[in-house]
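Okay, here's what each chain looks like letter by letter:
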Amino acid sequence: MDRVSSFDEPLKKLLGGATAKVMAEHLGLHTVGDLLHHYPRRYEERGKLTALADLPLDEHVTVVAQVADARILMFNNGRGKRLEVTLTDGSGRLQLVFFGHGVHKPHKELLPGRQAMFAGKVSVFNRKMQLAHPTYQLLDASDADEATEAVDAFAGRLLPIYPACKQLDSWRIAKAVDAVLPSARDAVDPLPAALREGRGFTPLPEALLKVHRPQTKADIEDAKARLKWDEAFVLQVALARRRYAETQLPAAARRPVADGLLDAFDAKLPFTLTEGQEKVSKEIFDDLATEHPMHRLLQGEVGSGKTMVALRAMLAVVDAGGQAAMLAPTEVLAQQHHRSITEMMGELAEGGMLGGSDRGTKVVLLTGSMGTAARRQALLDLVTGEAGIVIGTHALIEDKVQFHDLGLVVVDEQHRFGVEQRDALRSKGKQPPHLLVMTATPIPRTVAMTVFGDLETSVLDQLPAGRSPIASHVVPAKDKPHFLARAWERVREEVENGHQAYVVCPRIGDDADEAGGKAAKKKAAKKKAAEQDPDKRPPLAVLEIADELRGGALAGLSVEVLHGRMHPDEKDDVMRRFAAGDVDVLVATTVIEVGVNVPNATAMVIMDADRFGVSQLHQLRGRVGRGSAPGLCLLVSEAHEASPARARLSAVAATLDGFELSRIDLEQRREGDVLGQAQSGVRSSLRMLAVIDDEEVIAAAREEAVAIVAADPELEHLPELRTVLTALLDKEREEYLDKG
């Protein structure tokens, strides 16, 4: 078998179909190489018991502990059986519970004094931590030799604990790793020999053996140092090559002209730009004046004035004879941008129209739901060059859309778009247009060096004058129901003071599949399950909460809904009426997360707030306090006080600093794929590298990568590096490089 192909070997050949299927579906592992790069999360020392006192709630854990006692309890008038087992480790106690037919085997095996490894999800029942129906493996036996063998099967002194899933425990993954470990010697080493030797790294095959089956703690440190470096380096080479390729492309320089559209626009602004806006605008104008494409990321807090900076860049390009396109992720947002840009420009947005300015241009909207006539006119305005600015959704990317001379593409909320969508729009220029990517999700420096490493970065960190502070509080609805009642009173008070409010829910509700008899039974079963275990209840829904509020806590107020299943015209109508002040309370999904600007909205209640991510909560909160009155954001949650979910909400309530929150968010998702889907425990391109902690590694790897690519852009003299790069950056991953 040659050196590359043993890593490409499908897992089902070595492990059998059933195990391979679970690994593919639940852990994203398909080949021998994938499994060898599925590193242990931590290591247990033989005989050392995990601190049960520190177990995280709601997480799938593996513990090594001793049985203190076990007893069978009857319930349901003797018809039901439950086995309760108490584990101990000196630091704390943990309860295991088994039901029904599942009690017989553990009852015979889990005797007081026996030691075992247990895996399951930590929950709380009657204020006690418990694992329901955990899987387990005995680590002791009546025969001392057998006991030693059981532990040795888990790597002797150090037991690797792997990121696992409900369907596959850590120790089964360990056995699978044993089966593929011999292939580690076939690993293709991406590091150039001079770099490897210069930094004193362990050879890659040895690092893989040490990380999976370490003899000592020093082995683990050795392996981690090497594997972290590989990840950082290969990624930085990929980004350096992309940056290099961009500099090789030609572009038309777009310099603003004196007394043009930009000057006319600046002259009518009723306020002065912030220092930050001036500085970032200069960076952008300098880029636009060069003859290769600008490739810039503009990040700024919600409300820091990014749209104003982007609009001035678009006007400069129109002045220079080109056209500018702004790509927005949703129709609501595209319409919002179109409305605010035409309002800001006034008669300058009516070029060629009666009453329009002779220095003006036409600003058109293009979305999928437009009527045929309006769409035809918009397409005509683009191809003739009549429209200098177009704002649209992915409808802009369609083949039918042609430009007279596309000079600048502005992408709003970059993480919603794949690289191929962005490139499809850029390919509509006679030569590559300049690119400005905007995000309101603050990005720590290390992430900017990884996820957005192919873009130059500008940061807007000042809020314009006139923005008000936002107070945020967690409302523990389960423990203190009167807090929730008070939350609705606060909303009523805001409305009585002439303001408006948002209520955000994770789900739309009234699901199509819930119609009819079968579905009604399904719904009843769900409800019963939710009553027995509150964690099982579906997330709160817009339609249900709106009905409850109209008939209860907010009766008499004008309450409307907004969600993604509504017809675009209907959505636009609701948004217009809310913006005009005709609607008191808007109950919505996250469609309001970006770009919606209603300065009179001062309060926001986020239901089931623990079901949203940190950055998303911060984005949503940025919709209030946009005017002169202070904002209020209430995070309603039923999560247990000691849970990670509640800790996350407390962090959001404690600070308005988006950069601090993005750091917290990243720390909590460190198991996830910083380059992509960010799902805990799922295979990721960065398995060993903790983007928060390893800034030095990333910075050093970036430096080496830049030097290597400058000297050998095609990596002709580094075939191993090229091979590994191709394997890592298959098409799917390459798309992730452009998503945050």
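Please refer to the structure higher up on the page.
Residues numbered from 1 in each chain as written. Predicted model: local features only at pLDDT ≥ 70, side-chain atom pairs only at ≥ 80, totals over all residues. Heavy atoms only, no water.

### Side note on the overall build of the protein chain
Regarding its fold elements, the protein chain presents 27 helices and 21 strands. When burial is assessed residue by residue, the protein chain has 54% of its 740 residues classed as buried. Put simply, the protein chain shows about 32500 Å² of open surface, and 51% of that area lies on carbon and sulfur atoms. (Helix = DSSP H or I, 4+ residues; strand = E, 2+ residues; numbered from the N terminus. Buried < 20%, exposed > 50% of the residue type's maximum accessible area, 1.4 Å probe, protein only. Areas by Shrake-Rupley, 256 points an atom, 1.4 Å probe, with all protein chains shown as cover.)

### Some thoughts on the pattern of salt bridges
In the structure shown here, the tally under the stated rule is 35 salt bridges. Here Lys21 ties to Glu25 by a salt bridge, and the two come within 3.6 Å at their closest N and O atoms. You can see Lys21 and its partner Glu25 sitting in helix H3 (residues 17-27), 4 residues apart, about one turn around the helix. Classification of Lys21 by relative accessible area gives exposed; the value is 52%. Judged by its relative accessible area of 54%, Glu25 is exposed. The salt bridge partner of Asp547 is Arg550, with a shortest N-O separation of 3.1 Å. Highlighted residues: Asp547 and Arg550, both in helix H20 (residues 542-551), separated by 3 residues, approximately one helical turn. Among the residues examined, Arg550 registers a relative accessible area of 35% and is labelled partly exposed. (Salt bridge = Lys/Arg side-chain N within 4 Å of Asp/Glu carboxyl O.)

### Focus: the pairing of strand S19 (residues 585-588)
Residue alternation in S19 divides its side chains into two sets, Val585 and Val587 and Leu586 and Ala588, and both sets are buried. Two strands pair when backbone bridges link them, and strand S17 (residues 500-504) and S19 are joined in this way by 4 bridges, in the parallel orientation. The residue bridging Val503 from the neighbouring strand is Val587, located in S19. Both strand S18 (residues 559-562) and S19 contribute to a ladder of 4 bridges, which runs parallel. Pairing of Val561 across the sheet is with Val587, part of S19. Handedness of the crossover joining S18 and S19 through helix H21 (residues 568-579): right-handed. (Pairing = 2+ DSSP bridges. Right-handed = clockwise from strand over helix to strand, strands pointing away.)

### Some details on unusual backbone geometry
A positive phi is found at His133, a non-glycine position, where the angle reads about 50°. Secondary-structure assignment places His133 in the loop between strand S6 (128-132) and strand S7 (135-138). Notably, Asp608 is not glycine yet its phi reads approximately 50°, a positive angle. Within the secondary structure layout, Asp608 lies in the loop between strand S20 (601-606) and helix H22 (614-621).

### Digging into the packing of H22 against helix H23 (residues 644-654)
Contact geometry of H22 with H23 gives a least axis separation of 10 Å together with a crossing angle of 35°. Where H22 crosses over H23, the handedness of that crossing is right-handed. Residues Val614, Leu617 and Arg621 of H22 pack against Arg648, Leu649, Val652 and Ala653 of H23. Grouping the constituent residues of the contact of H22 with H23 by class yields 5 nonpolar, no polar and 2 charged. (Axes fitted to C-alpha atoms, helices over the stretch in contact; angles between N-to-C directions. Left-handed = near helix turned anticlockwise from the far one by under 90°. Contact = heavy atoms within 4.5 Å. Nonpolar A, V, L, I, M, F, W, Y, C, P; charged D, E, K, R; others polar.)

### Remarks on the sheet that holds strand S10 (residues 323-327)
If you trace the 7 strands from one edge of the open sheet to the other, you get S11-S12-S10-S13-S14-S9-S15, paired in parallel fashion. Two strands bound the open sheet, and with one partner strand each, they are strand S11 (362-366) and strand S15 (456-460). Direction aside, the axes of adjacent strands within the sheet are offset by 20° on average. Note: strand S9 (residues 295-300) against strand S14 (residues 434-439), 5 bridges, orientation parallel. Of the residues in S14, the one forming a bridge with His295 is Leu435. On the sheet, helix H14 (residues 331-345) packs against S10, S11, strand S12 (387-392) and strand S13 (406-412) and is oriented at approximately 170° with respect to S11.

### Description of the sheet that holds strand S21 (residues 631-637)
Within the open sheet, the 6 strands sit side by side as S16-S21-S20-S17-S19-S18. Their pairing is parallel. The outermost strands of the open sheet, each flanked by one partner alone, are strand S16 (470-476) and S18. Mean inter-strand twist for the sheet, computed between neighbouring axes without regard to direction, equals 20°. With 5 bridges joining them, S17 and S20 adopt parallel strand pairing. Within the sheet, the bridge partner assigned to Val503 lies in S20 and is Val605.

### Quick notes on the packing of aromatic side chains
Tallied over the entire structure, the rule returns 5 aromatic pairs. Ring centres of Phe201 and Trp229 lie 5.6 Å apart, and the angle between their planes is 40°; this geometry places the pair in the tilted category. In this pair, Phe201 sits in the loop between helix H8 (193-198) and helix H9 (204-212) while Trp229 sits in helix H10 (residues 217-248), placing the two residues 28 residues apart along the sequence. You'll find Phe201 and Trp229 in the same group, each marked buried. Cluster of aromatic residues (ring-pair linked, three or more members): Phe98, Phe118 and Tyr136. (Phe/Tyr/Trp six-rings, centres within 6.5 Å; stacked < 30°, edge-to-face > 60°.)

### Digging into the packing of H9 against H10
Put simply, H9 and H10 touch, their axes get as near as 8 Å, and they point 125° apart. Judged by the inter-axis angle, H9 sits oblique to H10. Here H9 and H10 pass one another in a crossing that is left-handed. Taken together, the residues of H10 that come into contact with H9 (itself represented by Leu204, Ala207, Leu208, Lys210 and Val211) are Asp219, Asp222, Ala223, Arg226, Leu227 and Asp230. Class assignment for the residues of the contact of H9 with H10 results in 6 nonpolar, no polar and 5 charged. (Parallel < 35°, antiparallel > 145°, perpendicular 65-115°, else oblique.)

### Brief notes about the side chain of Arg646
Topologically, Arg646 is positioned in helix H23. Classification of Arg646 as buried rests on a relative accessible area of 9%.

### Comments concerning the nonpolar core
Of all hydrophobic cores here, the largest spans 56 residues; its most connected members are Tyr502, Val503, Leu562, Val585, Val587, Ile592 and Ile606. Setting aside residues no more than four positions away along its own chain, Val503 makes contact with Trp488, Ile545, Leu549, Val585, Leu586, Val587, Ala588, Val605 and Met607. (Core = buried A, V, L, I, M, F, W, Y, C linked by side-chain atoms within 4.5 Å.)

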